[in-house]
Amino acid sequence: NIPNDKLVYDAKMVLLKRLEKSTLRLTEITDQLTQADETIAKIEAQLNNNETKEADSLRKASKTITDSIKNIRNFIFGTPQEKQGYGTSYQLTVNEKMQAARAEVLGKNKIPDVQEITQIEIAETLVNEAVEKTNMLFTTKWVVYKKLAEATPVKVFKEYKSIE
């Protein structure tokens, strides 16, 4: 056994804990995006039979918010390949860089140095960018969408004629 195993382990754990903070932030924003998707789906379900002008503008706003959420998800996880064929093009994604940084730290039996720390810093930068994009969405477009949804009258009940 190598005499400095404890030193290597401790150094790796420090960097992995640092990376774990970014992982938790990423998890939090993906949960937030999922909840927003669920809210939009509920609103659109209530607008199903509503053909008013307000309902139409709310549907358009829902589409805009959904597209923004999709763009943030694609930034984090990559754009899904929808065409058949061989191979995929390279995508710089937050998830990929997080995995690469973790692999750099765990893959070598040495005290992490500049190379591993640089990988973690790149991953942290991308996580910060994803958090900024998500915060921007929820402090701008989402606030407007919420006000529009609350102002739109939702017609839940359908008018029924008397049956003769």
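Here the structure is shown first, and the text comes after it.
Definitions and limits used
Residues numbered from 1 in each chain as written. Predicted model: local features only at pLDDT ≥ 70, side-chain atom pairs only at ≥ 80, totals over all residues. Heavy atoms only, no water. Salt bridge = Lys/Arg side-chain N within 4 Å of Asp/Glu carboxyl O. Helix = DSSP H or I, 4+ residues; strand = E, 2+ residues; numbered from the N terminus. Buried < 20%, exposed > 50% of the residue type's maximum accessible area, 1.4 Å probe, protein only. Lys, Arg positive; Asp, Glu negative; His and termini not counted. Contact = heavy atoms within 4.5 Å. Axes fitted to C-alpha atoms, helices over the stretch in contact; angles between N-to-C directions. Parallel < 35°, antiparallel > 145°, perpendicular 65-115°, else oblique. Nonpolar A, V, L, I, M, F, W, Y, C, P; charged D, E, K, R; others polar. Left-handed = near helix turned anticlockwise from the far one by under 90°. Core = buried A, V, L, I, M, F, W, Y, C linked by side-chain atoms within 4.5 Å.

Trainee: Help me out: how do you make sense of the pattern of salt bridges in this one?
Mentor: When charged atoms on two side chains of opposite charge get close, those side chains can pair. Evaluated as defined, the whole model comprises 12 salt bridges. Ionic pairing is found between Asp10 and Lys6, a salt bridge with its closest N-O pair at 3.1 Å. Here Asp10 pairs with Lys6, and both are found in helix α1 (residues 5–46), just four residues apart, close to one helical turn. What makes Asp10 partly exposed here is its relative accessible area of 31%. For Lys6, a relative accessible area of 56% translates into the label exposed. A salt bridge links Asp67 to Lys63, with the shortest nitrogen-to-oxygen separation between them at 3.1 Å. In this pair, Asp67 and Lys63 are both assigned in helix α2 (residues 53–77), four residues apart and thus about one turn of the helix distant. Residue Asp67 is classed as partly exposed on the basis of its relative accessible area, which comes to 32%. It is possible to trace a salt-bridge network through shared partners that takes in Glu104, Lys108, Lys110, Asp113 and Glu116.

Trainee: Before we go on, may I ask you to explain the side chain of Lys12 in this structure?
Mentor: Tracing the backbone through its elements, the reader meets Lys12 in helix α1. Lacking a salt bridge, the buried Lys12 has Asp5 as its closest oppositely charged neighbour, with an N-O distance of 8.4 Å. Other than its neighbours up to four places away in sequence, Lys12 contacts Val105, Leu106, Lys108, Asn109, Lys110 and Pro112.

Trainee: So what exactly am I meant to see when it comes to the packing of α2 against helix α4 (residues 114–139) here?
Mentor: What describes two packed helices is the angle between their axes and the distance between those same axes. Look at α2 against α4: their axes get within 10 Å of each other, and the N-to-C directions meet at 175°. In terms of their interaxial angle, α2 and α4 are classed as roughly antiparallel. In this structure, α2 uses Ile65, Ser68, Ile69, Ile72, Phe75 and Ile76 to contact α4, whose residues at the interface are Leu126, Glu129, Ala130, Lys133, Thr134 and Leu137. Here the contact of α2 with α4 is built from residues that sort into eight nonpolar, two polar and two charged.

Trainee: Just checking my understanding: could you explain the packing of α1 against α4 for this structure?
Mentor: Packing of α1 against α4 brings their axes to within 10 Å, and their N-to-C directions diverge by 25°. Comparing the axis directions of α1 and α4 gives the class roughly parallel. Crossing geometry of α1 relative to α4 is assigned as left-handed. Within the contact of α1 with α4, the residues separate by chemical class into 14 nonpolar, four polar and five charged.

Trainee: I would appreciate a short explanation of the environment of Thr27 in the present structure.
Mentor: Tracing the sequence through the fold places Thr27 in helix α1. You can call Thr27 partly exposed: its relative accessible area is 37%.

Trainee: Help me understand the nonpolar core, please; the structure alone is not making it clear to me.
Mentor: Generally speaking, nonpolar side chains in soluble globular proteins are found buried as a group. Leu26, Val94 and Tyr145 are the most contacted members of the largest nonpolar core, which has 33 residues in total. Every element with two or more residues in this core is listed here: α1, α2, α3 (94–107), α4 and α5 (141–151). Looking at this core, the element that brings in the most residues is α1, giving nine residues. Here Tyr145 is in contact with Ile40, Ile43, Leu58, Ala61, Ser62 and Ile65, once residues within four sequence places are set aside.

Function cannot be read off these values alone, since they describe shape.
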